[in-house]
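Residues per chain are reported as follows:
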Protein chains: 2
Amino acid sequence: MNSYTAIRGCFFDFIDDPWKHLGNDRAAARFERDGLLVIEDGIIRDFGPYADLAEKYSGVPLTHIRDRMILPGFIDGHIHFPQTRVLGAHGAQLLDWLQTSIFPEEEKYADRDYAEEAAEHFFNALLAGGTTTCQAFTTSSPVSTEAFFEEAARRQMRVIAGLTGIDKFAPPDTLISADDFYRESKRLIEQYHRCGRNLYAITPRFAVGCTEEMLTYAAQLKREHEDCWINTHISENPTEVRAARTEFPECSDYTAVHEKHGLLGAKFTAGHGIWLSNDEFRRFSQAGAALAFCPMSNLFLGSGLFRLGRALDPEHPVRLALGSDMGAGNAFSLIRVLDEAYKVGLCNNTMLDGSVNPLQQDLAEAERNKLNPYRAFYLATLGGARALYLDDLLGNFQPGKEADFVALDWTAGQQAISWRQSLTTKTGSPATIDEAAELLFGIMALSDDRSVAETWIAGQCAYRKESTDTAREAAYPLPLAAPQETFVNPQHSPASAKL
Amino acid sequence: MNSYTAIRGCFFDFIDDPWKHLGNDRAAARFERDGLLVIEDGIIRDFGPYADLAEKYSGVPLTHIRDRMILPGFIDGHIHFPQTRVLGAHGAQLLDWLQTSIFPEEEKYADRDYAEEAAEHFFNALLAGGTTTCQAFTTSSPVSTEAFFEEAARRQMRVIAGLTGIDKFAPPDTLISADDFYRESKRLIEQYHRCGRNLYAITPRFAVGCTEEMLTYAAQLKREHEDCWINTHISENPTEVRAARTEFPECSDYTAVHEKHGLLGAKFTAGHGIWLSNDEFRRFSQAGAALAFCPMSNLFLGSGLFRLGRALDPEHPVRLALGSDMGAGNAFSLIRVLDEAYKVGLCNNTMLDGSVNPLQQDLAEAERNKLNPYRAFYLATLGGARALYLDDLLGNFQPGKEADFVALDWTAGQQAISWRQSLTTKTGSPATIDEAAELLFGIMALSDDRSVAETWIAGQCAYRKESTDTAREAAYPLPLAAPQETFVNPQHSPASAKL
């Protein structure tokens, strides 16, 4: 076991979908107050209570991560690499926002230097937010896709991305012809798919921006490269939905556009789905297709409130990933996305409890809309992995999976968080799974990227925010020391000790 | 001019309401790229371009605040002091949330030690968020009101608060009898109102929690102490609205309850108002009464989307303050509140543009819902001061007003913010009012309390977050130094120089 390393600490992950355990959500989670994670070459080889495993792995180099909760790395199912610099751009709903703020910026990514600089910023921001895997849109320029995959490979990160096809509804320099999209996608698939941890998604941007020919090529690419993913958008904004109906008059709804072209199925993800009908949710479910729920973006662009509880109808649940949808989502942090997801769920809950309109009462759906910490962090980890068909590789601490994880500091964040969290754990660390979950809720309600103390990729620390003890004791008029951030070089490993 | 001090820096404030300058919102704002603020004993004595004033005030001790934008201190029109430790509590809409999470915590504030500890946490968190004035609810125990005013006085802060009356709909220990409410309010008014910078608000918590007798006493207190404020809640949640109708069957709507008791008028503020009718908005406007718009709370409890554009109908605009409504609002930072206000406004915009339902199209109202940086920071400063009838004292840098202000670092916040802001200002500081506004939008979209570098109260620095240059240059794999926080003792003044 010479190539083994081990992590000791307090672990929290999921073994099932909490929505399948209504009223007993904790049954879907797993808490190891003092656990051991054993890793070989980036792969988890063993996981369990430290007391049970310590003897078996004596001699293995050990890193003890104290005073943190260790969770599987966060999975962002929908993010736009070339919007890194314009995230949170002011002023408009989807279609105007694209034309005014987004397309002009994305055009810059045809320049390799710019794309490479952006890739550094992008992955730094991902890691600082605790996101270890994302499914990303690039641009219509192959250069941006290359820069993306090359930076991901340098950081050994598991990512999904692909050349982003749009051949109408954008300025000329944003467009790519359907022919070029097909040819370049094919070249990029051959160059990057399954190269290291890179995975390729055939990426028609959204139906309103794609001709019939572009969508047909996308389907052809999928037939020729069945192992690839497909990534797109659907039903984000009411005006966009109407445009899709106008552009595809032969299709009965937006989902039918993807069905017609043979795209809807396993390993297909569409962002948003706010305005999908109940029937469309059913067809997504039956096809094994996924939606990326992007509440921060949906609020930021005023797109609407995703019907979370309806999408999770137990009769035909849709696979759901969380998406930051950065730059329409105005933060990289999936912790901030969880905060907004909670809010969208509560707003839906009110609309469905009968207090506004008794005709719309559906108490079961209302309840499914409510995120608790189990449901929330499931979506950010194992749920996202399942939606993206990555759960053979990622999502929890099962042996055989890849060792990507985050160490969360439940006292970091806004000024008030330490005193708040001290209500839950006076001893300084969670004693039970319910205490751990309550601290996690405190993180998603009160914090953001600040709670991410460390982010590990394939068994190595890729990001660390140093903090001092005094940072946690914010009492007037004491001076406060505050966190520092370090991006760790891939080969740099943290202070270690032998078991 | 021996008692004078001066601040040199880049200033941004408001002289009018941006909604009165549709399409030219900047006309309501004022930008001094290199300005001088002259202060005597906490009061602004002069303000203008540094070049114009420097000679006149030569010899006055000067603090030069570099690389920051200085704005009037933020005004929080609706916040709950005794919810400091339970902010962002999990799981329910308003009425259940009160019973489960809030009332049990508030009962602790009858204990003076606990209330005093809480007051330290509360004001630390306010200052770290850049809030210099708040209108706060306390509890039904006079102890909490005393602890609040005493800590505010120690920090020389301009605050409004009052004993919070509730005599039904709560556990016994949360209640106060109407008689005791009247007697204790009267005592506290005499003890604290206009004592230093403390102001008193007669505070019937919300109609559903108040008997007829309690509301009658509130009106009597207002008659006997006309100079006092009134602070309450209205129409936050649909179930609460129905309860108000049941409890006051003789009133045609929720607003009529306050009209009936003679409470609605100048210096009256009610939090929320989500479910108010158009007619109720009109009556608020005519009475000169204010609403506190609390978008973060309204989303967190799923209460609904405040109809911002309707409340601001130019025919009968309602006075609006922003409120964090911490703890239902899950952050102290009004910057975070602005982010949520923007999102609520954009969601309203979509519902009113005709794309969802042509019958609901109202393009003028849709447009009024959209926050830009001018509208947003107006609400957080001068708008709030006007709503609370404090604009003779606060809200901008007019001579004669009190010198409470914040210095904002537009590059502090999430990892991605520096590169984002560099799109607006490549020279490192804003050159025009539009650049300044665009940086402010970057702050509200991407940041939070982290952008508050310094908070000044009555001409003295009360909070400072130290940052190093390297904190602004977040390039992989450079190590990052990060901010430190310091709460400055009231008598401690920052490093100064002579002009």
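Residues numbered from 1 in each chain as written. Chains lettered and ligands numbered in written order. Predicted model: local features only at pLDDT ≥ 70, side-chain atom pairs only at ≥ 80, totals over all residues. Heavy atoms only, no water.

Going by what an unreviewed UniProt entry lists, chain A is known as Guanine deaminase and is assigned to Symmachiella dynata. Checking UniProt for chain A, the heading Sequence similarities (unreviewed entry) contains the comment "Belongs to the metallo-dependent hydrolases superfamily. ATZ/TRZ family." Here chain A is described in UniProt, under the heading Function (unreviewed entry), as follows: "Catalyzes the hydrolytic deamination of guanine, producing xanthine and ammonia." (UniProt positions renumbered as here; feature names shortened; annotations may be inferred.)

**Details of the overall build of chain A**
The helix and strand inventory of chain A stands at 16 helices and 18 strands. Its C-alpha atoms give chain A a radius of gyration of 22 Å, within 12% of the compact-globule value 23 Å for 499 residues. Each of the three principal axes of chain A carries a C-alpha extent, and together these read 65 × 55 × 45 Å. By residue count, 68% of the 499 residues in chain A fall in the buried class. (Helix = DSSP H or I, 4+ residues; strand = E, 2+ residues; numbered from the N terminus. Rg over C-alpha atoms; globule rule 2.2 N^0.38 Å. Buried < 20%, exposed > 50% of the residue type's maximum accessible area, 1.4 Å probe, protein only.)

**Some details on a negative patch on the surface**
Residue and element names in this part refer to chain A. Residues Asp111, Asp113, Glu116, Glu117 and Glu150 make up a contiguous surface patch of negative charge. Sorting elements by how many residues they give to the negative patch places helix α3 (residues 112–128) first, with three residues. As for its placement among the helices and strands, Asp113 is situated in helix α3. Relative accessible area serves as the criterion here: at 59%, Asp113 is assigned to the exposed category. (Patch = residues over 30% accessible without salt bridge, like charges linked within 9 Å, V, L, I, M, F, W, Y side chains within 5 Å. Areas by Shrake-Rupley, 256 points an atom, 1.4 Å probe, with all protein chains shown as cover. Salt bridge = Lys/Arg side-chain N within 4 Å of Asp/Glu carboxyl O. Lys, Arg positive; Asp, Glu negative; His and termini not counted. Charge placed at Lys NZ, Arg CZ, Asp CG, Glu CD.)

**Let's talk about helix α14 (residues 373–387) of chain B**
The largest bend along α14 of chain B reaches roughly 55° and is located at Leu379 of chain B. The N-capping residue of α14 of chain B, defined by a side-chain oxygen 3.0 Å from the backbone nitrogen of Tyr374 of chain B, is Asn372 of chain B. (Bend = angle between axes of the 7 residues up to and from the residue. Polar contact = N/O pair within 3.5 Å; in protein donor to acceptor, adjacent residues only side chain to side chain.)

**A few points about the environment of Leu338 of chain A**
Residue and element names in this part refer to chain A. The topology assignment puts Leu338 in helix α12 (residues 334–352). When its relative accessible area of 1% is taken as the criterion, Leu338 is described as buried. Taking the C-alpha atoms as reference, Leu338 lies 9.9 Å from Arg375; in sequence the two are 37 residues apart. Apart from the residues lying within four places of it in its own chain, the contact partners of Leu338 are Leu322, Leu371, Ala376, Phe377, Ala380 and Met444. (Contact = heavy atoms within 4.5 Å.)

**Quick word on the pairing of strand β12 (residues 290–293) of chain B**
All names here are of chain B. Side chains Ala290 and Ala292 of β12 all project onto a buried face; the interleaved residues Leu291 and Phe293 project onto the opposite face, where all are buried too. As judged from the three bridges shared by strand β11 (residues 268–272) and β12, these two strands associate in the parallel manner. When the sheet's bridge partners are listed, Gly271 is paired in β12 with Ala292. (Pairing = 2+ DSSP bridges.)

**Some remarks on the packing of aromatic side chains**
All told, the structure shown has 60 aromatic pairs over all chains when counted by the stated rule. Residues Phe169 of chain A and Phe206 of chain A carry aromatic rings whose centres are separated by 6.1 Å and whose planes lie at 75° to one another, so their mutual orientation is edge-to-face. Taken together, the residues Phe169 of chain A in the loop between β8 (164–165) and α5 (178–192) and Phe206 of chain A in the loop between β9 (198–204) and α6 (212–224) connect sequence positions 37 residues apart. Residue class for Phe169 of chain A comes out partly exposed when judged on its relative accessible area of 30%. Ring centres of Tyr182 of chain B and Tyr217 of chain B lie 4.8 Å apart, and the angle between their planes is 25°; on these two criteria the pair is classed as stacked. Of this pair, Tyr182 of chain B sits in helix α5 (residues 178–192) while Tyr217 of chain B sits in helix α6 (residues 212–224), and the two are 35 residues apart along the sequence. Across the pair, Tyr217 of chain B and Tyr182 of chain B agree in class, each one buried. Among the aromatic residues, those joined into a cluster by ring pairs are Phe81, Tyr109, Tyr114, Phe122, Phe123, Phe148, Phe149, Tyr192, Tyr200 and Phe332 of chain A together with Trp419 of chain B. Positioned above the aromatic ring of Tyr50 of chain B is the side chain of Arg8 of chain B, whose terminal nitrogen or guanidinium carbon lies 3.5 Å from the ring centre. (Phe/Tyr/Trp six-rings, centres within 6.5 Å; stacked < 30°, edge-to-face > 60°. Lys NZ or Arg CZ within 6 Å of the ring centre and 35° of its normal.)

**What about the domain arrangement of chain A?**
Residues and elements named next belong to chain A. Each domain of chain A was delimited in the assignment, giving domain 1 (4–72 + 399–498) and domain 2 (74–387). Taken residue by residue, the interface counts 41 residues in domain 1 and 36 residues in domain 2. Buried area between domain 1 and domain 2, summed over both chains or domains, comes out near 3200 Å², and the portion from carbon and sulfur atoms is 69%. When the buried surface of domain 1 facing domain 2 is broken down by residue, Phe14, Trp19 and Met444 rank first, second and third, together holding 26% of it. For the pair domain 1 and domain 2, the number of links is five salt bridges. For the salt bridge of Glu402 with Arg197, the shortest nitrogen-to-oxygen distance reads 2.5 Å. (Domains from an automatic or database assignment. Buried area = accessible area lost by both parts, 1.4 Å probe.)

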